[in-house]
There are 2 protein chains.
Amino acid sequence: MSQTVDRALTILPLLAEGPANLEQVAARLGVHKSTALRLLRTLHAHGMVYRQQDQRYRLGARLFALAQQAFESLDVREIAHPHLVALNERCGHTVHLAVYEDGEVVYIDKVESRYPVRMYSRIGKPVAITVAAVAKLLLADLPDAERRAVAERLDYPAYTARSTPNAAAFLRELTVVRDRGWATDFGGHEESINCVGAPIRGADGRVVAACSLSAPNVVVSADELLALLPALRGTAEAISAEFSGKPAKPAR
Amino acid sequence: MSQTVDRALTILPLLAEGPANLEQVAARLGVHKSTALRLLRTLHAHGMVYRQQDQRYRLGARLFALAQQAFESLDVREIAHPHLVALNERCGHTVHLAVYEDGEVVYIDKVESRYPVRMYSRIGKPVAITVAAVAKLLLADLPDAERRAVAERLDYPAYTARSTPNAAAFLRELTVVRDRGWATDFGGHEESINCVGAPIRGADGRVVAACSLSAPNVVVSADELLALLPALRGTAEAISAEFSGKPAKPAR
DNA sequence: GTTGCAGTTGCAGTATGTGCAACGTGCGTT
DNA sequence: AACGCACGTTGCACATACTGCAACTGCAAC
């Protein structure tokens, strides 16, 4: 691992918290001002950070472009999208698509019926990994060792009384989810929000993504949401089929 | 500037083109495999790249999270959003919001009436800078020297017969735009798409962002679109007022 | 005019990144 | 089944490029 690059990359999440000046960056990195300056200049040259008029640095526009391109190269998302829209049109609820990557679960698509214009604001956000239905599905499919390792490493924040309390409970839940083939989150993240999820599998049967339906329980009871499970699973299977069926991606 | 960091950051746009293996990365960087490996490992440790099952690298999920956070810290976007939605509801056309940053213009918000679920796919994309109405507005307000420098540096792709042909024409157009206080793009990017834009100004009168209305000319003629100019300018001014009026951002 | 602060620069020393060459490992082939 | 190839990985010696220092600049406040 490269120390210099490591330091430079540490600056990015630091600036994500808010703009910072040279001294603050240097202090947080534990390096000399001149060192921080050089790193920031390099980041700047690549558009990763931007220097605002008060001379403080913040994250730069190139990040948007990169994230954008990263999204576009996610095959699952592309294939899944029309299916998710169809599902949303059918039942009207919020639809999520998420993937697992190195200990994190992130939303890569979202179709929301009520506030369509706000949807992008959540894409890219890390998922509440210990409670979300999609997270359970994705983690449930990991190899034993990795699943356990991740579970042990996690924090278990008590969002609500029904949040997963600890690693043991989480691992038990994951076993249930894996055997059953679908997952729920009944008020585990926000008291009044329920959620059901289904896995999307690649040609080899491994779970490559997960999708879910969410709705506030004042609109839809948990039972009513479960009644939508067949539609959700149908969607997930349609996506799985299409994803497995066309393995030949236009490789470069 | 740091050579090591520079090389590491060069990897990111390279991977944005599509997944690549170690040798390809090393070759593109012009360094030894082992060097590329170390850089990739460091990027990986920060979640900036992800190693897929075929061992090739692609952009990682952390980029999504960072871009996400960067978006959220853009004050203009936050203030502008409800205004843009209102404008969209009023006239039904696509609404864009863009900012200028270091020679690039990027969309930071978009409200689209017809395909709401697709909107995020364009946010973050670099704008066609030589023709887009928002780009003209943002560049028109730059200091003379910088404006000229940027204009000279640009390419002028002939998207259509009405695309801006060269730097001289572009600079002339920018003068017009600045004096007039609004901009157009009539088929300069896509033959059938017309567009009008208006500037959003900070407390000091400088243009901090620009918003625009776009519509295909089969739906709305250029004249009809121009008729919406008062509404658009009203929106832009409302955003400007709110942005200037509440200077006290909860600074950290 | 003077003081203080934040950013910037040049430089010497050495920590750190680099390329090399040898080693593993997985996969397709004969 | 054994082989060979291609690609990723490792340890090491060398020297490049990164670091911290200290002095300098520009700017703003008093």
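Computed from a predicted structure; not experimentally measured. Residues take numbers from 1 onward in each chain, read along the sequence in its written order. Lettering for chains starts from A, numbering for ligands starts from 1, and both go in the order in which the items are written. Given that the model is predicted, a residue must reach a pLDDT of at least 70 before its local features are reported, and side-chain atom pairs must reach 80 or more before they are shown or counted; all residues, however, enter totals for whole chains, interfaces and linings. For the side-chain quantities, the full set of heavy atoms in the structure was used; hydrogens and water were omitted.

### What to know about the UniProt feature "domain: HTH iclR-type" (unreviewed entry) in chain A
Piece 1. UniProt positions are given in the numbering used here, feature names are shortened, and annotations may be inferred rather than shown by experiment. Using the residue numbers shown here, the UniProt feature "domain: HTH iclR-type" (unreviewed entry) corresponds to residues 2-61 of chain A.
Piece 2. Counting secondary structure, residues 2-61 of chain A comes out at 58% helix and 10% strand; the distance between its end C-alpha atoms is 25 Å. Secondary structure is summarised from DSSP: a helix means a run of H or I of at least four residues, a strand means a run of E of at least two, and numbering begins at the N terminus for each.

### Let's talk about the domain arrangement of chain A
Piece 1. An automatic or database domain assignment provides the domain bounds reported here. The assigned domain composition of chain A is domain 1 (3-65) and domain 2 (74-245).
Piece 2. Relative to domain 2 of chain A, the C-alpha centre of domain 1 of chain A lies at a distance of 34 Å.

### Overview of the sheet that holds strand β5 (residues 183-186) of chain B
Residues and elements named next belong to chain B.
Piece 1. A pair of strands counts as paired when DSSP detects no fewer than two bridges linking them. The sheet built from five strands is open, its strands ordered β4-β3-β7-β6-β5 with antiparallel pairing. In this open sheet, the two edge strands, each paired with only one partner strand, are β4 (104-111) and β5. If you compare each strand with its neighbour and ignore which way they point, the axes differ by 25 degrees on average.
Piece 2. Inspection of the sheet shows strand β3 (residues 94-101) paired to β4 by seven bridges, in the antiparallel sense. Note that in β4 the partner of H96 across the bridge is K110.
Piece 3. The strands that helix α6 (residues 133-140) touches are β3, β4, β5, β6 (193-201) and β7 (207-216); relative to β7, the one it contacts most, it runs at about 160 degrees. All axes here are fitted lines through C-alpha atoms, helices being fitted over the stretch that makes contact, and every angle between N-to-C directions spans 0 to 180 degrees. Residues are treated as being in contact if the distance between any of their heavy atoms lies within 4.5 Å.

### Remarks on the pattern of salt bridges
Piece 1. For this analysis, a salt bridge means a side-chain nitrogen from Lys or Arg found within 4 Å of a carboxyl oxygen belonging to Asp or Glu. The tally for this structure, following the rule as stated, stands at 18 salt bridges over all chains.
Piece 2. Here B:R62 and A:E104 are joined by a salt bridge, their closest N and O atoms 2.8 Å apart. With B:R62 in helix α4 (residues 62-72) and A:E104 in strand β4 (residues 104-111), this residue pair bridges two chains.
Piece 3. Think of it in three bands: with a 1.4 Å probe and only protein chains considered, a residue is buried below 20% of the maximum accessible area for its type, exposed above 50%, and partly exposed in between. Residue class for B:R62 comes out partly exposed when judged on its relative accessible area of 30%.
Piece 4. Given a relative accessible area of 24%, A:E104 falls into the partly exposed group.
Piece 5. Here the residues in one salt-bridge network are A:D144, A:R147 and A:R148, joined through shared partners.

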